[in-house]
Amino acid sequence: MERRLGPGLEGGGGGVARRPVRPAGLGGAAPAAGSRQPSVETLDSPTGSHVEWCKQLIAATISSQISGSVPSDSVSRDYRALRDGNKLAQMEEAPLFPGESIKAIAKDVMYICPFMGAVSGTLTVTDFKMYFKNVERDPHFVLDVPLGVISRVEKIGVQSHGDNSCGIEIVCKDMRNLRLAYKQEEQSRLEIFENLVTQAFPLSNGLPLFAFSYKEKCPVNGWKVYDPMVEYKRQGLPNESWKISKINSTYELCDTYPAVFVVPTSVKDDDLSKVAAFRAKGRIPVLSWIHPESQATIMRCSQPLVGPNDKRCKEDEKYLQTIMDANAQSHKLIIFDARQNSVAVTNKAKGGGYESESAYPNAELVFLEIHNIHVMRESLRKLKEIVYPVIDEARWLSNVDSTHWLEYIRMLLAGAVRIADKIESGKTSVVVHCSDGWDRTAQLTSLAMLMLDSYYRTIKGFEALIEKEWISFGHRFAMRVGHGVDDHADADRSPIFLQFLDCVWQMTKQFPAAFEFNELFLITILDHLYSCLFGTFLYNCEQERLKEEINTKTVSLWSYINSQLDEFTNPFYVNYENHVLYPVASLNHLELWVNYYVRWNPRMRPQMPIHQNLKELLAIRAELQKKVEDLQREAATRSISSSSDRGSSPSHSATPVRTSV
């Protein structure tokens, strides 16, 4: 598949909309410099005062002759005639993906860019993207935004010199805001705002997500990246202590768990049902990873339902003892509770709680003091406020520090390091949970597994890790991201998966040769977390995806990525097999991921084309590797020839050539 997918592209280059998103791209519009954002908890509140917005809108529209538009119900007929008779229209035409269709087109729309001022062009709304293009500039100016990244659309009207102008502010999930302006008098025919809202939030308007319409054919089937039976077999499972259970094959034991998981061999199904009744949402302790030598395991689950009366469950207590007994090298079990101690106590008063060491005598309880989803959402809101559109250079470091974003990244990495160290050095099994076991739990188990197992540091291994620990085990992507839903203030939204990938990026910075994938790989995953182009991150759990037939009705993100691996491969990669990585979880060694969070600011763009340089290095490495292999073959041939010429004299034995790049 030679075409590239590029959500959120903007800038020059002839308007090619299908190349991968580069780590730094020219970004969308936003409030004026110095405008303040309301201090509210929701991540995506529109920024800038109404007065400042009106000033921008008047300035953009009063000098512009805003003219005709095309209503959605006559797009096909009118636009075809326009296209055939007007070469300019052909240049402005939006490129479409297979299955994508145009819903509305407007001429002479003003895009108010915070970096280069007002730009006039043609706006096209499809069922997948918002596409704005100005062909008068050289190179052409293009703004290509997947509708899935839109969190909120707000219409603002203003009257100036007798002209009723209309403004649209678009708040995005990918760290930018966009502003558009056009004449109100054309709005009755154009209905651009209504089309934008309808297509950006399809589920709220009774429409399917675009992933179900996308008809791209990929040479690789990404849905085959992860097979639980294959992955468990890779880990050496089942064995005498652990079995693959299918008690949840109809999702009756736990509707947010996968159909297949690993539990201790000796545990009966009746006991599993009783343990499920004692764990929040029925999410019992199940195996995520087993050490190939010590047999120490990482288990994941939800909080026990102890409640204010210290309720106990003998089956749960015996179950955790069985987990400990399966590891002969340790007589202890460490329970890592991701929550703050005070929060766990509060949850206990509400019916939840934590494992007391009196009820679980061989267990040690450790609180990792990681904050909840609401704190993380507010932290990202603050981060967006300081990185877009204006950066205060004089206060940059103190502003970043005030968001606490890097501190929360540090806490996640520190917790994962403690888990990995207990497994590797302590040879002790661990149980990891938070409240429900699908947010902080997934962050910690997957990061620890990434540190412990070099397979997960390959491209396909990392894809399997995401499929297993996040998608299969029920991270609530639909709730946390808000796919296709217009409830931007939903308290369930939170950047949990973004934090995980940020932690992974921090590890790639500390161990630049240990990961097969590059930065573009991580950014591409994040872009399509929001885009709704692929089915990979849709819905909340395996049961929902099965019901919606995701695997047969949508394309997998891994199909796209694995069809062009050179784009996403790290040229410096060395397979550190059996090496455990312990990143330094200190603020001194962490940095803000500028190429993701600040990529829309052209002033932050790298002066050298980093991604292209990496691709060139990859080609050079492949060429050198081929030369090495040719030399090795030549040396082997000469060695055989020399041996036959000299007979079997021991004084002339050949030394094999061992060279690696």
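Coordinates for the structure precede this section.
Note that the coordinates shown come from a computational prediction; the quantities given were computed from them, not determined experimentally.

Looking at the overall build of the protein chain
Within the protein chain one finds 22 helices and 16 strands. By residue count, 57% of the 661 residues in the protein chain fall in the buried class. Contacts spanning at least 24 positions in sequence make up 72% of the contacts within the protein chain whose residues lie at least 6 apart.

Notes on the environment of Arg381
Position of Arg381 relative to the elements: it lies in helix H10 (residues 373-387). A relative accessible area of 3% means that Arg381 is categorised as buried. Sequence spacing of Arg381 and Thr403 is 22 residues, and the spatial spacing of their C-alpha atoms is 8.4 Å.

A few points about the sheet that holds strand E16 (residues 429-433)
Reading across the sheet, the five strands line up as E12-E13-E16-E14-E15 and stay open at both edges, with mixed pairing between neighbours. The open sheet terminates on both sides in strands that have one partner only, identified here as strand E12 (286-290) and strand E15 (363-367). The mean angle between the axes of side-by-side strands here comes to 25°, regardless of whether they run parallel or antiparallel. Here four bridges tie strand E13 (residues 297-301) to E16, and the two strands are oriented parallel to one another. Bridged to Met299 within E16 is Val431. The strands that helix H8 (residues 314-325) touches are E13, strand E14 (333-337) and E16; relative to E14, the one it contacts most, it runs at about 120°.

Some points on the packing of helix H13 (residues 440-452) against helix H14 (residues 459-472)
In contact at an axis separation of 10 Å, H13 and H14 are set at 150° when each is read in the N-to-C sense. By the angle between their axes, H13 is roughly antiparallel relative to H14. H14 is crossed by H13, and the crossing has right-handed handedness. Counting all contacts with H13, which are made through Ala442, Gln443, Thr445, Ser446, Met449 and Leu450, the residues of H14 involved are Phe462, Leu465, Lys468, Glu469 and Trp470. Across the contact of H13 with H14, the residue classes tally to six nonpolar, three polar and two charged.

A word on the pairing of E14
Buried residues dominate E14, accounting for five of its five residues. Burial of the side chains of E14 extends over both faces: Leu333, Ile335 and Asp337 are buried on one face and Ile334 and Phe336 on the other. As defined by bridge partners, E14 adjoins E15 across five bridges and the pair is classed as parallel. Bridge pairing in E15 places Asp337 opposite Phe367. Tracing the backbone out of E14, into helix H9 (residues 341-349) and back to the parallel element E15 gives a crossover that is right-handed. Taken together, the five bridges between E14 and E16 define a ladder with parallel strand orientation. Directly across from Leu333, in E16, lies its bridge partner Ser429.

Topic: helix H16 (residues 496-510)
With 15 residues, H16 should cover 21 Å at 1.5 Å per step; its first-to-last C-alpha distance of 22 Å lies within 8% of that length. Taking burial as the measure, the 15 residues of H16 include 13 buried ones, the bulk of the element.

Some points on the environment of Gly99
Within the secondary structure, Gly99 is located in the loop between helix H3 (87-92) and strand E3 (102-113). Taking relative accessible area as the criterion, Gly99 reaches 40% and is therefore assigned partly exposed. Residues Gly99 and Phe212, 113 residues apart in the sequence, show an inter-C-alpha distance of 9.0 Å. The residues touching Gly99, leaving out its near neighbours within four places in the chain, are Asp127, Phe210, Ser213 and Lys215.

Quick word on a nonpolar patch on the surface
The grouping of Phe572, Leu617, Ile620 and Leu624 at the surface amounts to a nonpolar patch, some 350 Å² of accessible area in total. As for its placement among the helices and strands, Phe572 is situated in the loop between helix H20 (557-562) and helix H21 (594-597). Judged by its relative accessible area of 46%, Phe572 is partly exposed.

Definitions and limits used
Residues numbered from 1 in each chain as written. Predicted model: local features only at pLDDT ≥ 70, side-chain atom pairs only at ≥ 80, totals over all residues. Heavy atoms only, no water. Helix = DSSP H or I, 4+ residues; strand = E, 2+ residues; numbered from the N terminus. Buried < 20%, exposed > 50% of the residue type's maximum accessible area, 1.4 Å probe, protein only. Contact = heavy atoms within 4.5 Å. Pairing = 2+ DSSP bridges. Axes fitted to C-alpha atoms, helices over the stretch in contact; angles between N-to-C directions. Parallel < 35°, antiparallel > 145°, perpendicular 65-115°, else oblique. Left-handed = near helix turned anticlockwise from the far one by under 90°. Nonpolar A, V, L, I, M, F, W, Y, C, P; charged D, E, K, R; others polar. Right-handed = clockwise from strand over helix to strand, strands pointing away. Expected span 1.5 Å × (residues − 1). Patch = residues over 30% accessible without salt bridge, like charges linked within 9 Å, V, L, I, M, F, W, Y side chains within 5 Å. Areas by Shrake-Rupley, 256 points an atom, 1.4 Å probe, with all protein chains shown as cover. Salt bridge = Lys/Arg side-chain N within 4 Å of Asp/Glu carboxyl O.

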